[in-house]
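So the chains spell out like this:
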Amino acid sequence: MTSGIRRVLSCHFTAKRLQRYLDADPSAPLDPAEIRRLEAHLAECARCAAAVEDFRSMRWAMLRLSRLVGPDPAAVARLHRSVDELLEEDRG
Ligand SMILES: [Zn+2]
């Protein structure tokens, strides 16, 4: 049970930082301890690892397509939902 709670909190921690982690946003950098914790969680959490893959493929698709047609609104909405679910898991 304790480990379950810790895992949910780590999902929350990861979801809150995922975009900054993947974008390497210079205006809001993660500190090395945060990056280590996030990467350790990604190594053991299939859901968050899948979210990273979604972000990466989404960003790549947006780079390729943005000049032509823009991102698929349904795919963007699905991505936001999956992150929202991760963020809301520690509220119950
Ligand atoms: Zn997780």
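Further up the page is the structure itself.
The following paragraphs examine the structure supplied in this document. (Residues numbered from 1 in each chain as written. Predicted model: local features only at pLDDT ≥ 70, side-chain atom pairs only at ≥ 80, totals over all residues.)

**Considering the overall build of the protein chain**
Along its length, the protein chain carries four helices and zero strands. Reading the protein chain from its N terminus to its C terminus gives the helix and strand order α-α-α-α. Counting across all 92 residues of the protein chain, residues that qualify as buried make up 8%. Partitioning the contacts of the protein chain with sequence separation of at least 6, the portion at a separation of at least 24 is 67%. (Helix = DSSP H or I, 4+ residues; strand = E, 2+ residues; numbered from the N terminus. Buried ≥ 20, exposed ≤ 12 C-beta atoms within 10 Å, placed from the backbone. Contact = placed C-beta atoms within 7 Å.)

**A look at helix α4 (residues 73-88)**
When the terminal C-alpha atoms of α4 are compared, their 22 Å separation across 16 residues agrees well with the 22 Å that a helix rising 1.5 Å per residue should span. With respect to burial, α4 is a largely exposed element, only one of its 16 residues being buried. (Expected span 1.5 Å × (residues − 1).)

**Structural notes on the environment of Ser10**
As for its placement among the helices and strands, Ser10 is situated in helix α1 (residues 2-23). A residue is classified by how many C-beta atoms lie within 10 Å of it, and Ser10, with 19 of them, is partly exposed. Here the alpha-carbon distance between Ser10 and Ala40, two residues 30 residues apart in the chain, equals 9.7 Å. Those residues in contact with Ser10 that sit more than four places away from it in its chain are His41 and Cys45.

**Re the packing of helix α3 (residues 46-65) against α4**
For any two helices packed against each other, the geometry comes down to the angle between their axes and how far apart the axes lie. At a minimum axis separation of 11 Å, α3 and α4 run at an interaxial angle of 155°. When the interaxial angle is binned, α3 and α4 end up roughly antiparallel. The interaxial crossing formed by α3 with α4 has left-handed handedness. Of the residues in α4, those touching α3 at Ala51, Asp54 and Met58 are Ala75, Leu79, Ser82, Val83 and Leu86. Looking at the contact of α3 with α4, its residues break down into six nonpolar, one polar and one charged. (Axes fitted to C-alpha atoms, helices over the stretch in contact; angles between N-to-C directions. Parallel < 35°, antiparallel > 145°, perpendicular 65-115°, else oblique. Left-handed = near helix turned anticlockwise from the far one by under 90°. Nonpolar A, V, L, I, M, F, W, Y, C, P; charged D, E, K, R; others polar.)

**Focus: the environment of Leu79**
In this structure, Leu79 sits in helix α4. For the pair Leu79 and Ala51, spaced 28 residues apart in the sequence, the C-alpha separation amounts to 7.9 Å. Here Leu79 is in contact with Asp54 and Met58, once residues within four sequence places are set aside.

Geometric descriptors of this kind do not, in isolation, establish any biological role.
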